[in-house]
Structure formats: C-alpha cells, structure tokens
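Coordinates in review
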Amino acid sequence: MPHSKRRIALPSMTPGTGRSIVFHRFGRSGSRPKAYLQAAIHANELPGAMALHHLMPMLIEADQRGRIRGEIVVVPTVNPIGLSQLVGSNHLGRYDFLGRDNFNRNWLDLSGAVAESVGGRLGRHAGDNIALIRKAALAALAGMRPVNELQTLRVEAMKLSVDADIALDLHCDLEAVLHLFISRQDWPGPARALAADIGAVATLYNDPYPESLTFSGVHSALWARLARRYPAANIPQACLSATIEYRGQHDVNHKLGEADARNLYRFLVRRGIISGRAGKLPRLKADATPMGGMDVGYCPKPGMLVYHAPKGSRVRKGDAVCEVIDPGDARGAKARTQILARTDGILFSRKPDGRLAWPGSVVYRIAGPKLLAHRKGMSGLDD
Ligand SMILES: [Zn+2]
C-alpha cells in the first residue's frame, strides 16, 4: 500500500488560529508488527525530526518495493503547540505556555479503563489478551472528549500509538551522547537490540510502573500494570516503548541524521517490520543501568558553569565534573565551587560551558550501575 500523509486538526484555542498534527503511514494499516515513531514532543528538540527526515524517504522506497510487511506510523513533529512557542527570537518548546505542563508528562494511563472493560476476560492465551487489551485501549481513547488543544493532542497521538508493537519517542538533551530510557521489563530483552542497533552510549531502565507518565512510560506501563493486576492471566510486555535521546540540541546535521535513520531502519528490519537482512547486531556500547543509579548533579549556588569532564566520558566518584564560578568574587580560585560525581559511571548529559546556573539547577547526569541512596524513590523516567 502506498505511503500516505494525513493531518489531524486540533481544536482552536484563540480566534483565528488553528494547528494540526501531520502523520505518515507506510505499509498496510492494521498489518503486524506495527512501529510508531514520533519526534519533538519537546518541540525544540529536533535531532529526532532530522533522523525521521532521512528515514522517511527510505521507507517510501521500501514501501514501493513491497518490503514493508507490517505498518509504520511516523509523526515527524508531534507537537505543533510547542513548535509555535517563539519568544524574543527564542524557541521554547519544553513546557506548555498555557498550562505550564511539561509536554512529556501527563500522558494517559489507560490501564484502569482497560481493566474495567476487559479485565474479567483476560485468560491464558497471550495472543487473545494482546488483542483484547489493544482494542479496549483504543475504545477508551475513542470515548474521551478532550476539550483543549493539548489534551486533544495527547489523545490523538495515542490513538496512533497505543496498539503499536514498538513505540519510539525521539528527544534530545542540551549537550549529551546518544542515550536511551527504557522499561526494566524490556531489558535485556528487545531493548538490548535497540540499544545496540542505534548505538546508545548509555541505557537507563526505569521501574515498570513509572509515576511521571511520560509518553514512552505509559506505553510500557500499560502492559506491566495489567500483568501485575491479573497475575493468573498471560499478559506479555507487548509494546517495546523507549525514549531515545539523540544527543544535544545542536546535533542536527545530515551526517548524524542519515546514520541515525540507517540504524533505525536496520532495527525495523531486525524486528521483521521491513523484510530483508538486518545483519549482525552491532556491539553493545554499554550495559543498561538503573534510574536509581543515575547521579544527577545539582548546582549549589548561582554562577557560570565550566566543565572539566567532556560528555560521554567515564568519571569516578569524587571527580570534579564541573565548577560554578561566582563572577562577582575577586578571589580567583576561591570564587569557584567544584561539583563532584557521586558515582562511577558515564557522564552522558551535561550543559554547554558558560551557561548560567542557579541553586538546584541540574548540571549533569551520570549513568552508574550502583543504586544511590540520594536517588531513592526517584525512579521516574527522566525526559
Ligand atoms: Zn525531551
């Protein structure tokens, strides 16, 4: 079936304005396996959109050659609200100006609605359960009557994604190496191949029931929550859902976009959505580590940031990752406060040098294997 491009209109929030979500479908609607890929829910994070820009022509060609066995839905920029948030020549796309929501929070946990409608019919046959749960989740979404633009966006995007076998949400950080947030349920299962194929430098797994309701979190938690609620039923983890962080905001260029698209394509082949040979799985760059082992560096005082450790480097507990400098203090080295790593691990995310920092602002993240006492209870997906 040929590639199609469709538009979903969102309700107008102010007279004379209107926005829409554009999505592309490759392969036959309803075929399996189904993959869903979206980018730029944080609308000023565009490296994922660049990867999809390079991936889509590859999918059109595969479609023309009859190679798409399943269905692939691509939403290159899923958040037209955030895309429009221009202020003083800056684009601010992480938080909704109207309700101040983080765009990647408050996605819909459908497990309660699904349990209510089909919980009593879930049994020993995994395939039947998957079909029942997907149908009930789609029906729950179809029954929703969101009133505003952002709620409509969430409901409409999930109508495209909730029945997918693979749901990938493409983001980026400020200055970072390629990393991945996944559910613990998927490691070392299918997420391992994803991490290897896309070349993730760090992979962090969440607990199976994250409370922060990120897009990828709700897609994996739907299955985990139902499996916990109905232990006698055979409910597999039927959606591999992940947040891919495509490096930093400025890492948008053809070389990276093309390579990322090729890697995503190979992963889709490996999962049988596109026919062909995926070849040998690339070497995994790093084992996955728990979210509770992620050291988050917080700035203790206001000032300007200078880093000692480059992104992607391995650091040791006690190493100075960066320092914050009080520009009004004349005492030279005494005006500098070092911020020290509290674990051994990979410094996968930081800020660019020279940023202003303030007390409590996040200045780096390190993926470490050991659970950290100060991270207890902070297992929510990060982005
Ligand atoms: Zn993001």
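What comes next concerns the included structure. It should be emphasised that the depicted structure is a prediction, and the values quoted were computed from it without experimental measurement.

**Structural notes on the pattern of salt bridges**
- Tallied over the entire structure, the rule returns 20 salt bridges.
- As a salt-bridge pair, D163 and K34 come within 2.6 Å of each other at their nearest N and O atoms. One end of the pair, D163, is in the loop between α5 (149–161) and β7 (166–173); the other, K34, is in strand β3 (residues 34–39), with 129 residues separating them in the sequence. No difference in accessibility class separates D163 from K34, as the two residues are buried.
- Where R247 meets D260, a salt bridge forms, and the shortest distance between an N and an O atom there is 2.8 Å. With R247 in strand β11 (residues 240–248) and D260 in helix α8 (residues 254–270), this residue pair connects regions lying 13 residues apart in the sequence. Comparing R247 with D260, the two get one shared label, buried.

**Quick notes on empty space enclosed by the protein**
- One pass over the structure, following the stated rule, counts two cavities of 30 Å³ or more.
- What the largest cavity holds in volume is close to 50 Å³.
- Around the largest cavity sit L108, L110, M158, V162, V218, H219, L222 and W223, which together line it.
- Considering every element that reaches the lining of the largest cavity, the biggest residue donor is helix α7 (residues 215–229), with four residues.

Rules behind the numbers
Residues numbered from 1 in each chain as written. Predicted model: local features only at pLDDT ≥ 70, side-chain atom pairs only at ≥ 80, totals over all residues. Heavy atoms only, no water. Salt bridge = Lys/Arg side-chain N within 4 Å of Asp/Glu carboxyl O. Helix = DSSP H or I, 4+ residues; strand = E, 2+ residues; numbered from the N terminus. Buried < 20%, exposed > 50% of the residue type's maximum accessible area, 1.4 Å probe, protein only. 1 Å grid on protein atoms, 1.4 Å probe; cavity = no way out; pocket = protein on both sides within 12 Å on 5 of 7 lines; lining within 4 Å. Points joined across faces, edges and corners; volume = space filled by probe spheres on them.

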